[in-house]
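Secondary and tertiary structure notes
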Amino acid sequence: MLFDAAAQTRAGETIVEIGSHQGRSTVILASAKPPGVNMVAVDPFEDVRWGGGPGAIDIFDGNLRAAGLRNEVTLVRRYGAEAGRAWSDGPVGMLFLDGAHDYSTVVSDLTAWLTHLSPNAAVLMHDAYSAPGVTRAAFRFMFGHPTFVYASSSGSLVRFQRASARRPLSRLVSAMRMFARLAWLARNLAVKAAMMRGWRLVPRLLGHSDSIYPY
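Residues numbered from 1 in each chain as written. Predicted model: local features only at pLDDT ≥ 70, side-chain atom pairs only at ≥ 80, totals over all residues. Heavy atoms only, no water.

Considering the arrangement of structural elements, one finds Gly 55 in the loop between strand 2 (38–42) and helix 3 (56–66). For the pair formed by Gly 55 and Phe 45, sequence separation is 10 residues and the distance between their alpha carbons is 8.9 Å. (Helix = DSSP H or I, 4+ residues; strand = E, 2+ residues; numbered from the N terminus.)

Turning our eyes to something else, we now look at unusual backbone geometry. Even without glycine at this site, Phe 45 takes up a positive phi of about 55°. Residue position: Phe 45 is located in the loop between strand 2 and helix 3. Despite not being glycine, Asp 127 shows a phi value in the positive range, around 60°. The topology assignment puts Asp 127 in the loop between strand 5 (117–125) and helix 6 (132–142).

What follows deals with the layout of surface pockets. Counted as a void, the largest pocket has a volume near 1,200 Å³. Elements supplying a minimum of two residues to the lining of the largest pocket: helix 1 (2–7), helix 2 (24–32), helix 4 (80–85) and helix 5 (103–114). Sorting elements by how many residues they give to the lining of the largest pocket places helix 4 first, with 4 residues. When grouped by side-chain class, the residues that make up the lining of the largest pocket number 18 nonpolar, 19 polar and 12 charged. When its volume is computed, the second largest pocket comes out at roughly 190 Å³. What lines the second largest pocket is a set of 17 residues, among which Val 40, Thr 74, Val 76, Trp 87 and Asp 89 lie closest to the centre. The set of elements that each furnish at least two residues to the lining of the second largest pocket consists of strand 2 and strand 3 (74–76). The element that contributes the greatest number of residues to the lining of the second largest pocket is strand 2, accounting for 4 residues. Its residues assigned to classes, the lining of the second largest pocket comprises 9 nonpolar, 4 polar and 4 charged. (1 Å grid on protein atoms, 1.4 Å probe; cavity = no way out; pocket = protein on both sides within 12 Å on 5 of 7 lines; lining within 4 Å. Points joined across faces, edges and corners; volume = space filled by probe spheres on them. Nonpolar A, V, L, I, M, F, W, Y, C, P; charged D, E, K, R; others polar.)

Right, dumping it as structure tokens:
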């Protein structure tokens, strides 16, 4: 889904990623972007809670170089909302949010960047069905926004598309599709809670055999 959304970005627009960590999604986005599309990765690489700390930026830089994409990506070492408020480099055709997952930060990031989005822009949010703060922002802020419609989901990744008009029927269908995905959120939260308590059987019963949290 990330690759497809990036590939649909138009020449003269920019792809903006909030939260890059070690560059895995950055590589996907930079690999997919068409000629004439800029790529900006926004991450302060400071807070260890979000993958920052000593050496974090070196890992990010090394992964991009290994993929031959370091010259295709501009790194902005700021927090998402700060970078959005300072943005003056033209229309953003795709915004990918994967920064801090609490509700207030997600909304701040969205608010700062929405004014820079192009008329055909896509907004993708990671962990929208595994982190309650992101889920709340997706439903209350993005779904309720007058110029965006819910497009699709893949795992815990959700995509919204900018539209000039939203018909009542399409809004109802989008709402039903979004609410149906809440079962996936409930499953992921149950798996996380069980893993935190050391309950090994519950995750397996829910189809999770990995040793790390789902999404």
